[in-house]
Amino acid sequence: QVQLVESGGGLVQPGGSLRLSCVASGTIFSINAMGWYRQAPGKERELVASITSGSSTNYADSVKGRATISRDNAKNTVYLQMNSLKPEDTAVYYCNAMIETVGHGVFNRLDAWGQGTLVTVSS
């Protein structure tokens, strides 16, 4: 079984910064693309940033210039550094990963999600 656990959320003032972390654990053969999504109450989940296995990145227009996604393959970890935070960044942030697993000689591919970490931007 594969588990993704996010951390780093909290309360920050507008203009402040946060770094979110997501660690994947379990029976993992490889991790392909990873990403961060966010969801505010009453709104649908949206993609914030993604990063491929080759470290190619993509960002939502709303966070370009303020967010940086990175990964540490040795630690099975993806990060999201967010600067110049705005109240509209307030949301639950979810980690996502496309993971290849192996067990009993059988390979499987799964789309894994973390439980979410709350980011609140308010003065």
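What this report covers is the structure whose coordinates are included nearby.

Conventions adopted
Residues numbered from 1 in each chain as written. Predicted model: local features only at pLDDT ≥ 70, side-chain atom pairs only at ≥ 80, totals over all residues. Heavy atoms only, no water. Phe/Tyr/Trp six-rings, centres within 6.5 Å; stacked < 30°, edge-to-face > 60°. Lys NZ or Arg CZ within 6 Å of the ring centre and 35° of its normal. Pairing = 2+ DSSP bridges. Helix = DSSP H or I, 4+ residues; strand = E, 2+ residues; numbered from the N terminus. Disulfide = S-S within 2.5 Å. Buried < 20%, exposed > 50% of the residue type's maximum accessible area, 1.4 Å probe, protein only. Salt bridge = Lys/Arg side-chain N within 4 Å of Asp/Glu carboxyl O. Core = buried A, V, L, I, M, F, W, Y, C linked by side-chain atoms within 4.5 Å. Contact = heavy atoms within 4.5 Å.

1. Topic: the packing of aromatic side chains
- The tally for this structure, following the rule as stated, stands at two aromatic pairs.
- Between R45 and the ring centre of Y94, over which it is positioned, the NZ or CZ distance is 3.9 Å.
- Stacked on the ring of W113, the Lys or Arg R45 has its end atom at 4.8 Å from the ring centre.

2. Examining the pairing of strand β4 (residues 30-39)
- In this sheet, strand β9 (residues 91-103) lies alongside β4 in antiparallel orientation, the contact comprising eight bridges. Bridge pairing links S30 to E100 in β9.
- Bridge count for β4 against strand β5 (residues 46-51) is five bridges, and the pairing is antiparallel. Residue pairing in the sheet places W36 in a bridge with A49 of β5.
- Count of turn residues in the β4/β5 antiparallel hairpin: six residues, of which G42 carries a positive phi of about 80°.

3. Considerations on the state of the cysteines
- Tallied over the entire structure, the rule returns one disulfide.
- Across the disulfide, C22 is cross-linked to C95 (sulfur-sulfur distance 2.1 Å). Judged by the sign of its S-S torsion, about -80°, the bond between C22 and C95 is left-handed. Taken together, the residues C22 in strand β3 (residues 18-26) and C95 in strand β9 connect sequence positions 73 residues apart. Considered together, C22 and C95 belong to a single accessibility category, that of buried residues.

4. Digging into the pattern of salt bridges
- With the rule as written, the count across this model stands at five salt bridges.
- Between R38 and E46 there is a salt bridge, and its shortest N-O distance comes to 2.8 Å.
- Taking the shortest distance from any N to any O, the salt bridge between E100 and R109 comes out at 2.8 Å.
- For E100, a relative accessible area of 14% translates into the label buried.
- Look at the salt bridges and you will find they share partners, linking R38, E46, R66 and D89 into a network.

5. As for the pairing of strand β8 (residues 77-82)
- Counting buried positions over the six residues of β8 gives five, a clear majority of the element.
- One ladder, built from six bridges, connects β3 with β8; its direction is antiparallel. The partner of V23 across the bridge, within β8, is T77.
- The pairing of strand β7 (residues 67-72) with β8 spans six bridges and is classified as antiparallel. Counted as the bridge partner of R71 is V78 from β8.

6. Digging into the nonpolar core
- Residues L4, W36, I69, V78, L80, Y93 and I99 are the most contacted members of the largest nonpolar core, which totals 31 residues.
- Sorting the residues of this core by element identifies β1 (2-7), β3, β4, β5, β7, β8, β9 and β11 (117-121) as the ones contributing at least two each.
- For this core, the element with the most residues is β9, which contributes five residues.
- Non-local contacts of L80, meaning those with residues more than four positions away in its chain, are made with L18, R19, L20, W36, V48, A49, A67, T68, I69 and Y93.

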